[in-house]
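# Overview (structure and organization)
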Amino acid sequence: MSEASKIVIATHNEDKVKEIISILGSDDRFEFISGVGDIDWDEPEEVGTTLEENATIKAKTASKSTGMVAIADDTGLEVDALDGLPGVHSSRYAGDDATYEDNYRKLLGVMVEIPLIERSARFRTVVSCVSGNDNLFVVEGVLNGYITDEPLGEHGFGYDPVFLIPHLQRTLAQLKPDEKNAISHRYLAFRKALKKLVSLYKEGLL
Ligand code: ITT
């Protein structure tokens, strides 16, 4: 049996790493290395104007500084009533040092006059996989929902307490980690990514 391919998960966000590792599961063909703690790599500036550009910037930075294949996601919350904001600005919506709570409180404040029926939104995750300067693939996952008028639930992270899944009538933060990871935007994107990795592996390209 050939050696496992080492793949760096290029994020500095520990909450994301936990979800990604759990979604990817264990596979003898790959050794996934956490971008938080396991290796040293530069924090790239996310100067792109799209999720795809930013995911690729993160993956390229990690791949170049480690010499390994790297996989990164960039995720944004797109609110229809706000023309897709906060989108690529999701992590800094309430300012450079904003906490998760600062960001969702700002969102609730901005949307205070908007009725529930008009509060549709989606999480979009774009995953980019890079080897050195070569982009191997880009895939995405989307989860549709609504923005609540108050935070509910204590699981998850980021905007999860204000993101309602209509058919469950619960926010993402009211779902246990396994429940979120079975339906989420990140799940949908990383399962597609895993299929692509398996194909590349079988072709001997990893
Ligand atoms: P890295 O760039 O190091 O990967 P980040 O926190 O900046 O970490 P993203 O750009 O992908 O990660 O995500 C932007 C923000 O969107 C993130 O800080 C959260 O506030 C929010 N977010 C991302 N994924 C989320 C999720 O699954 N549930 C709720 N909020 C999420």
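Above: the structure in question.
Since we're looking at a predicted model, the values are computed, not measured.

In the neighbourhood of the ligand, 20 residues make up the surrounding shell, with T11, K16, E46, D160 and K180 lying closest. Here K58 contributes a side-chain N or O atom positioned 2.8 Å from an oxygen atom of the ligand. Taking D74, its side chain carries an N or O atom lying 2.9 Å from an oxygen atom of the ligand. A total of 600 Å² of accessible area belongs to the ligand in isolation, and the protein chains cover 93% of it. Where the shell around the ligand is concerned, the elements lending two or more residues are β3 (69-79) and α5 (185-202). Tallying contributions element by element places β3 first for the shell around the ligand, with three residues. Looking at the shell around the ligand residue by residue, the classes come out as four nonpolar, eight polar and eight charged.

Of all twelve residues in strand β5 (residues 120-131), nine are buried; the element is thus mostly enclosed. If you look at the hairpin formed by β5 and strand β6 (residues 134-147), you'll find two residues sitting between the two strands, and G132 has a positive phi there, around 65°.

One pass over the structure, following the stated rule, counts 13 salt bridges. Here R186 and E19 are joined by a salt bridge, their closest N and O atoms 2.8 Å apart. Remark: E19 occurs in helix α1 (residues 14-24) and R186 occurs in helix α5; sequence separation between them is 167 residues. Assigned by exposure class, R186 and E19 land together as buried. Here K180 and D160 are joined by a salt bridge, their closest N and O atoms 2.8 Å apart. Placement of K180 in helix α4 (residues 177-181) and of D160 in the loop between β6 and β7 (163-165) is noted, with a sequence separation of 20 residues between them. D160 shares its class with K180; the two are buried.

Rules used in this analysis
Residues numbered from 1 in each chain as written. Predicted model: local features only at pLDDT ≥ 70, side-chain atom pairs only at ≥ 80, totals over all residues. Heavy atoms only, no water. Near = heavy atom within 4 Å. Polar contact = N/O pair within 3.5 Å; in protein donor to acceptor, adjacent residues only side chain to side chain. Areas by Shrake-Rupley, 256 points an atom, 1.4 Å probe, with all protein chains shown as cover. Helix = DSSP H or I, 4+ residues; strand = E, 2+ residues; numbered from the N terminus. Nonpolar A, V, L, I, M, F, W, Y, C, P; charged D, E, K, R; others polar. Buried < 20%, exposed > 50% of the residue type's maximum accessible area, 1.4 Å probe, protein only. Pairing = 2+ DSSP bridges. Salt bridge = Lys/Arg side-chain N within 4 Å of Asp/Glu carboxyl O.

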